[in-house]
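# Inside the fold
The primary structure of each chain is shown beneath.
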Amino acid sequence: MTIGNVPMKVRNRFNSTTPSHELTDFHTPEKKLFVVYHMGVPEFNSADWHLTIDGLVKKPTTLSLAELDALPKVELSAFHECAGSPLRPTVPVRRVGNVIWRGIRLKTVLDMVSISPKAGYVWARGADSGIYPPTGTFSDCYLKDLPVEKAIRDEVLLATEINGVPLSEDHGAPVRLVVPGYYGTNSVKWLTEIRLEQTRPGSFFTTTLYNDRHVKDGVEHAVPVWATAPNTVIVAPAADQPLKPERFQIWGWAWGANEIVAVEISVDGGTNWSSAEVDRRQGYSWQRFWWDWSPAVHGEYEIVSRAIDSAGERQPDAGSRNEVFKVKARVGDY
Ligand SMILES: Nc1nc2c(c(=O)[nH]1)N[C@H]1C(S)=C(S)[C@@H](COP(=O)(O)O)O[C@H]1N2
Ligand SMILES: [Mo]
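Not measured: the values here are computed from a predicted model.

Okay, the nonpolar core next. Ranked by internal contacts, the top residues of the largest apolar core, which has 49 residues, are Leu 68, Leu 106, Leu 158, Leu 177 and Ile 194. Every element with two or more residues in this core is listed here: strand E5 (50-55), helix H1 (65-69), helix H2 (106-113), strand E9 (121-126), strand E12 (142-147), helix H3 (148-151), strand E16 (191-197) and helix H4 (204-208). Counting residues per element, this core draws most heavily on H2, at four residues. Not counting the four nearest positions on each side in its chain, Leu 68 is found in contact with Trp 49, Leu 51, Leu 63, Ile 104, Val 109, Leu 158 and Val 175. Listed in part, the 30 residues of the second largest apolar core include Trp 251, Trp 253, Ala 276 and Val 327.

Structure, rendered in structure tokens:
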């Protein structure tokens with residue numbers, strides 16, 4: 001990696017989460033979009049910003065912001081989901097939103113530099129450095145990797161705008177990677193270097209953290225936290241919302257790397273299930289689902305949602321970051 005450290009202006013680790021019942025908009029306004037960083041926010045002067053593209057390429061290149069900005073841009077809408085704490089990879093957090101991104105296709109710059117057929121992975125480097133407080137580990141950058149087959153797909157962007165305005169510092173200004181269909185952790189903010197390599201990097205944020213360990217037939221396999229598993233949030237009702245014993249529309253959002261083809265709702269904690277209506281997917285956006293419920297009996301209910309994707313994968317009952325979503329509601333004469 002060739003670029004020296006950039007000073008950090010915010011050093012704390014920071015995570016924000018928006019409660020599910022506030023995710024009422026198809027496109028999440030920036031003020032409701034979660035923010036995550038591990039080491040802090042780097043101090044950037046956009047005039048000094050450069051993007052270096054090197055490694056297994058024929059023509060290593062460095063672009064200024066003006067040079068990058070002059071390339072053709074595209075806009076797309078995509079869900080954006082944090083995988084949760086890398087120290088507790090099976091605990092769901094549902095830090096999620098749906099965002100309009102605008103930027104240059106990563107493929108556009110990869111075509112400019114002409115990548116070698118030997119390149120298997122794109123390493124993406126963010127300028128932030130420092131200590132990740134929960135483990136006390138120092139890193140000189142935020143480094144992630146993607147398989148080349150994903151990196152060259154049309155939806156992968158070097159984004160400069162979010163929801164029609166320039167990226168804010170918190171969301172990665174001046175340029176961040178956006179990898180629709182992959183967990184947010186792969187969408188490297190404050191991007192300064194793209195490097196083509198034959199192998200995955202053995203770094204803290206790629207193969208130590210964010211590499212799920214599954215045991216199959218007594219053998220441990222590491223699965224990179226890349227493609228997003230099917231998931232749901234219920235927007236209405238909110239947790240513990242008092243409901244009258246009359247018709248009420250349960251609704252929420254469903255998303256995953258593959259299109260969601262069905263969502264099921266249970267109002268008895270997961271014993272009986274009904275099929276909700278679910279919108280078709282547009283691009284990589286999340287999909288609305290809804291189900292009209294007419295609770296007749298007063299009492300406390302546990303409402304559960306689960307999505308099934310086009311590959312037949314369904315949200316597991318428990319023990320996973322994408323386990324079924326549960327919310328309690330109270331029905332009475334309020
Ligand atoms: N450079 C850099 N990029 C990063 C991170 C980081 O700590 N440093 N955090 C990642 C994680 S875990 C997530 S979920 C998303 C969050 O993006 P957002 O804050 O714009 O919502 O950024 C990713 N990109
Ligand atoms: Mo994340």
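What follows is about the side chain of Thr 206. Here Thr 206 lies in helix H4. The exposure class of Thr 206 is buried, given its relative accessible area of 1%. At 3.0 Å, the side chain of Thr 206 and the backbone oxygen of Pro 201 are in polar contact. If we skip the residues at most four places from it in the chain, Thr 206 touches Leu 143, Lys 144, Asp 145, Arg 200, Pro 201 and Asn 211.

The next thing to look at is H2. Within H2, burial applies to Leu 106, Val 109, Leu 110 and Val 113. Buried residues in H2, looked at end-on, bunch into an arc of 105 degrees, giving them a common side.

Criteria and thresholds
- Within each chain, residue numbers correspond to sequence positions counted from 1 in written order.
- Whichever chain is written first is A, and whichever ligand is written first is 1; the rest continue in order.
- Owing to the predicted nature of the model, reporting of local features is limited to residues with pLDDT of at least 70; listing and counting of side-chain atom pairs is limited to 80 or more, with chain, interface and lining totals taken over all residues.
- Hydrogens and water are ignored here; the side-chain numbers use all heavy atoms of the structure.
- Residue types Ala, Val, Leu, Ile, Met, Phe, Trp, Tyr and Cys, when buried and joined through side-chain atoms within 4.5 Å, form a set referred to as a nonpolar core.
- When accessible area is computed with a 1.4 Å probe and restricted to protein chains, residues below 20% of their type maximum are described as buried, those above 50% as exposed, and intermediate ones as partly exposed.
- Labels follow the DSSP assignment, with helices taken as runs of H or I lasting at least four residues and strands as runs of E lasting at least two, numbered in each case from the N terminus.
- In this description, contact between two residues means that some pair of their heavy atoms is separated by no more than 4.5 Å.
- In the analysis that follows, any N or O atom pair within 3.5 Å is treated as a polar contact, provided that within protein one partner can donate a hydrogen and the other can accept it, and provided that, for residues neighboring in sequence, both atoms belong to side chains.
- Within this analysis, the arc is defined by the directions that extend from the helix axis to the C-beta atoms.

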